[in-house]
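Geometric and topological summary
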Amino acid sequence: MLKGKVESLLNKALEEYSSLFLVDFTVGGDNNIKVVLDGDEGVSLQDCMNVSRAIEHNLDREEEDFSLEVTSAGATSSLMLPRQYKKNIGRKLKVRTSSGELEGTLVETSTNGITLEWKAREPKPVGKGKITVQKKQEIAFSDIQEAKVKLKF
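Small disclaimer: the values here were computed from a predicted structure and weren't measured.

Focus: the overall build of the protein
- When helices and strands are counted, the protein shows 3 helices and 8 strands.
- Taking 153 residues into account, the globule formula puts the C-alpha radius of gyration at 15 Å, and the protein, at 21 Å, lies well above it.
- Over its C-alpha atoms, taken along the principal directions, the protein stretches across nearly 80 × 30 × 25 Å.
- In the protein, which comprises 153 residues, the proportion classed as buried is 31%.
- For the protein, the accessible surface area stands at approximately 9,800 Å², while carbon and sulfur atoms represent 46% of it.
- Between the mean site of the 23 positive side-chain charges and the mean site of the 24 negative ones, the protein shows a separation of 15 Å.

Remarks on the layout of surface pockets
- Counted as a void, the largest pocket has a volume near 190 Å³.
- Looking at the largest pocket, it is lined by 15 residues, and the ones nearest its centre are Asp38, Ala73, Gly74, Ala75 and Lys87.
- When its residues are assigned to classes, the lining of the largest pocket shows 6 nonpolar, 6 polar and 3 charged.

A word on the packing of helix α1 (residues 2–16) against helix α2 (residues 45–56)
- Following both chains from N to C, one finds α1 and α2 inclined at 140 degrees, their axes separated by 9 Å at the closest point. Overall, the two elements α1 and α2 adopt an arrangement that is oblique. For the element pair α1 and α2, the recorded crossing hand is right-handed. Contacts between α1 and α2 involve Val6, Leu9, Leu10 and Ala13 from the former and Val51, Ala54 and Ile55 from the latter.
- Here the contact of α1 with α2 is composed, by residue class, of 7 nonpolar, no polar and no charged.

As for the environment of Ser18
- Examined against the element boundaries, Ser18 turns out to sit in the loop between α1 and β1 (20–27).
- Each C-alpha atom, one on Ser18 and one on Gly39, is 8.6 Å from the other, the two residues being 21 residues apart in sequence.
- Dropping the residues within four chain positions of it, Ser18 is found in contact with Asp40 and Arg83.

Observations concerning the packing of aromatic side chains
- Within this structure, the stated rule accounts for 1 aromatic pair.
- On the basis of an interplanar angle of 50 degrees and a centroid distance of 5.3 Å, the ring pair of Tyr85 and Phe141 is categorised as tilted. With Tyr85 in helix α3 (residues 82–87) and Phe141 in the loop between β7 (130–140) and β8 (144–149), this residue pair connects regions lying 56 residues apart in the sequence.
- Of the residues examined, Tyr85 reaches a relative accessible area of 3% and is grouped as buried.
- Exposure remark for Phe141: the relative accessible area of 19% places this residue in the buried category.
- Against the face of Phe66 rests Arg61, its NZ or CZ located 4.1 Å from the ring centre.

Rules behind the numbers
Residues numbered from 1 in each chain as written. Predicted model: local features only at pLDDT ≥ 70, side-chain atom pairs only at ≥ 80, totals over all residues. Heavy atoms only, no water. Helix = DSSP H or I, 4+ residues; strand = E, 2+ residues; numbered from the N terminus. Rg over C-alpha atoms; globule rule 2.2 N^0.38 Å. Buried < 20%, exposed > 50% of the residue type's maximum accessible area, 1.4 Å probe, protein only. Areas by Shrake-Rupley, 256 points an atom, 1.4 Å probe, with all protein chains shown as cover. Lys, Arg positive; Asp, Glu negative; His and termini not counted. Charge placed at Lys NZ, Arg CZ, Asp CG, Glu CD. 1 Å grid on protein atoms, 1.4 Å probe; cavity = no way out; pocket = protein on both sides within 12 Å on 5 of 7 lines; lining within 4 Å. Points joined across faces, edges and corners; volume = space filled by probe spheres on them. Nonpolar A, V, L, I, M, F, W, Y, C, P; charged D, E, K, R; others polar. Axes fitted to C-alpha atoms, helices over the stretch in contact; angles between N-to-C directions. Parallel < 35°, antiparallel > 145°, perpendicular 65-115°, else oblique. Left-handed = near helix turned anticlockwise from the far one by under 90°. Contact = heavy atoms within 4.5 Å. Phe/Tyr/Trp six-rings, centres within 6.5 Å; stacked < 30°, edge-to-face > 60°. Lys NZ or Arg CZ within 6 Å of the ring centre and 35° of its normal.

Pasting the structure below:
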């Protein structure tokens with residue numbers, strides 16, 4: 001019953017703040033509510049507070065005791081939704097598929113998948129030595145096991 005109430009309040013809050021979207025939502029034992037958000041322009045502390053208040057102020061602690069945690073998707077967390085890929089165009093990703101790992105710049109997203117570009121060193125077609133070539137590969141969302149943004153320091 002609590003999960004249904006919270007889900008309804010959460011959906012209402014996300015309609016109000018349309019640049020935000022839900023990445024994960026759980027109600028665990030002891031009514032521990034955890035909401036993970038992401039946004040097209042990122043998620044601010046104020047965004048988390050707004051969503052938290054929209055939920056908490058509409059629940060009665062006299063009826064049910066609960067704890068509520070509203071967080072943003074971390075910088076090192078895996079990308080899970082197509083909308084998250086779209087906001088990371090131009091950034092370097094590390095993508096694991098069933099056939100191996102790729103690392104490259106996300107250049108495009110579509111309804112079916114993503115396109116990565118990277119530079120690779122390959123043997124020259126004639127003679128000794130190597131040349132740098134530009135590689136490009138499309139990867140279907142269904143083939144992606146895990147994708148993370150590579151952070152530069």
